[in-house]
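The primary structure of each chain is shown beneath.
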Amino acid sequence: MREALVTGGAEGIGLAIARALAAAGYRVTIADLDGAKAAERAVELGAGHRGLACDITDEAQAMAAAATAPFEVLVNNAGIGDSHLPTLDQGIDAFRRVLDVHLSGSFLMTREVARGMVARGRGAVVNLSSIAGLTGLPKRNAYGAAKAGIVAMTRAMACEWAGRGVRVNAVAPAFVETALVRKLADAGRIDLPTIARRTPIGRLIRAEEVAAAVVFLASDAASGITGAVLPVDGGWTAFGDFGDAADPQP
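Residues numbered from 1 in each chain as written. Predicted model: local features only at pLDDT ≥ 70, side-chain atom pairs only at ≥ 80, totals over all residues. Heavy atoms only, no water.

(A) Here's a closer look at empty space enclosed by the protein. As enumerated under the stated definition, the model contains 1 cavity of 30 Å³ or more in all. Within this model, the largest cavity holds a volume of roughly 60 Å³. Ranked by the residues each element gives to the lining of the largest cavity, the list is headed by helix α4 (residues 92-120), at 3 residues. Residues belonging to the lining of the largest cavity are distributed by class as follows: 4 nonpolar, 3 polar and 1 charged. (1 Å grid on protein atoms, 1.4 Å probe; cavity = no way out; pocket = protein on both sides within 12 Å on 5 of 7 lines; lining within 4 Å. Points joined across faces, edges and corners; volume = space filled by probe spheres on them. Helix = DSSP H or I, 4+ residues; strand = E, 2+ residues; numbered from the N terminus. Nonpolar A, V, L, I, M, F, W, Y, C, P; charged D, E, K, R; others polar.)

(B) Here's a closer look at the sheet that holds strand β6 (residues 166-173). The strand order across the open sheet built from 7 strands is β3-β2-β1-β4-β5-β6-β7, with neighbouring strands paired in parallel fashion. Single-partner strands in this sheet number two, and they are β3 (50-53) and β7 (229-232). Taking each pair of neighbouring strands and ignoring which way they run, the sheet shows an average axis angle of 20°. (Pairing = 2+ DSSP bridges. Axes fitted to C-alpha atoms, helices over the stretch in contact; angles between N-to-C directions.)

(C) Representation of the packing of helix α3 (residues 59-66) against α4 in the model. Interhelical geometry of α3 versus α4 gives an angle of 40° and a closest axis separation of 9 Å. For the element pair α3 and α4, the recorded crossing hand is right-handed. Facing E59, A62, M63, A65 and A66 of α3, the residues of α4 in contact are L108, M109, R111, E112 and V113. Residues belonging to the contact of α3 with α4 are distributed by class as follows: 7 nonpolar, no polar and 3 charged. (Left-handed = near helix turned anticlockwise from the far one by under 90°. Contact = heavy atoms within 4.5 Å.)

(D) Examining unusual backbone geometry more closely. Phi at H84 takes a positive value of approximately 60°, unusual for a residue other than glycine. Here H84 shows up in the loop between β4 (73-76) and α4. The backbone of K139 shows a phi angle near 75°, a positive value even though the residue is not glycine.

(E) Quick peek at the nonpolar core. The biggest cluster of nonpolar side chains holds 41 residues, and the ones touching the most others in it are I17, L21, V28, V75, V171, V210 and V214. Only β1 (3-7), α1 (12-23), β2 (27-32), α2 (35-45), β4, β5 (123-128), α6 (179-186) and α8 (207-218) provide two or more residues apiece to this core. When residues of this core are assigned to their parent elements, the largest contribution, 8 residues, is made by α8. For V171, the contacting residues outside a window of four places in its chain are V126, N127, L128, S129, S130, V210, A213, V214, L217, L230 and V232. Among the nonpolar cores identified, the runner-up in size contains 27 residues, and A65, F71, V118 and V168 belong to it. (Core = buried A, V, L, I, M, F, W, Y, C linked by side-chain atoms within 4.5 Å. Buried < 20%, exposed > 50% of the residue type's maximum accessible area, 1.4 Å probe, protein only.)

Here it is, written out as structure tokens:
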């Protein structure tokens, strides 16, 4: 059975990805800061799936997680949000933490898992970027920089390993319906109706839609695709006109 590792897979988009990979026939390992919840989610996926505690920014823990199975698929999903504060009010420690989790963590996990992929001549890495890494979102400096870095790292690794049977791609979601997004909305830090109007399809993206794109890029159906960044954004990055993007007509 093919082995897949999903970081940050105990909740939200990561959990949707873990479920989709399991449904596609992979044996899934969920690596999450919350090891207990990762183990619970693995049990929910069914027999054979695993959950483990892992801080992806810790080199020793990343190495240990990568050594638990001969992974053919790695999904670098783990991440944290930023402060949503004006630039002049942002602190350097928080800025560095966002970069460390998204960039250093994805680098470490990919480096370690890809050792086996390169040796076996087969593997697929799918990274989680964002529209924040492709466009300019005010007050999202650290998050945007991290997600743009994910794009650059994806392309660099893809070119390096293209001849070794290892593909590296990324997905770039827009705002996704998750508990975190709802929490931000409840706190008044984002406005969901405004976001829906700005999105050409007129709604937020579902976590399952992101997961479907990830499973495709990880699969043999995408065997000719590497170094690509696939927006899963309902047309967000395509829209360049004034006003609302969504068609108000039924």
